[in-house]
Amino acid sequence: MDRATVEAGLRKFLHKNTGHDPAFAGLARLSGGAGRETWTFDAQLGDEKLEGIFRCDPVAGIESSAPHPRGSTS
């Protein structure tokens with residue numbers, strides 16, 4: 001998934017569960033993980049700062065943001 005997709009999903013999840021509209025900083029994909037993507041982020045939720053790790057399984061029909069292996073055609 002790309003950064004914008006991850007940010008939109010995290011924003012929706014955090015707003016639903018905290019009632020705050022989060023402000024993100026440092027949202028970045030971490031290296032590693034063959035089948036899953038792992039992201040790190042800081043979110044400001046009102047007066048609180050949340051430092052988080054988000055891991056997601058592949059979703060059918062959504063292109064991974066990971067580069068394709070050399071020579072791969074898919």
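This text follows the structure it describes.
**Student:** Lay out the packing of aromatic side chains in plain terms, naming residues and giving numbers.
**Tutor:** Scanning the model with the defined rule gives one aromatic pair in all. When the ring of Phe24 is compared with that of Phe41, the centres are 6.0 Å apart and the planes differ by 70°; the resulting orientation is edge-to-face. Residue Phe24 is located in strand β1 (residues 23–30), and its partner Phe41 is located in strand β2 (residues 37–45); the two are separated by 17 residues in the primary sequence. Take Phe24 and Phe41: they sit in the same class, and that class is buried.

**Student:** Could you give me a rundown of the pattern of salt bridges, with the residues and numbers involved?
**Tutor:** One pass over the structure, following the stated rule, counts five salt bridges. Among the ionic pairs, Lys49 bridges to Glu51, the shortest N-O distance being 4.0 Å. Taking the relative accessible area as the measure of exposure, Lys49 reaches 53% and is therefore exposed. For Glu51, a relative accessible area of 60% gives the class exposed. Linked through salt bridges whose partners overlap, the residues forming this network are Arg3, Glu7, Arg11 and Asp21.

Thresholds, definitions, all that
- Residues numbered from 1 in each chain as written.
- Predicted model: local features only at pLDDT ≥ 70, side-chain atom pairs only at ≥ 80, totals over all residues.
- Heavy atoms only, no water.
- Phe/Tyr/Trp six-rings, centres within 6.5 Å; stacked < 30°, edge-to-face > 60°.
- Helix = DSSP H or I, 4+ residues; strand = E, 2+ residues; numbered from the N terminus.
- Buried < 20%, exposed > 50% of the residue type's maximum accessible area, 1.4 Å probe, protein only.
- Salt bridge = Lys/Arg side-chain N within 4 Å of Asp/Glu carboxyl O.

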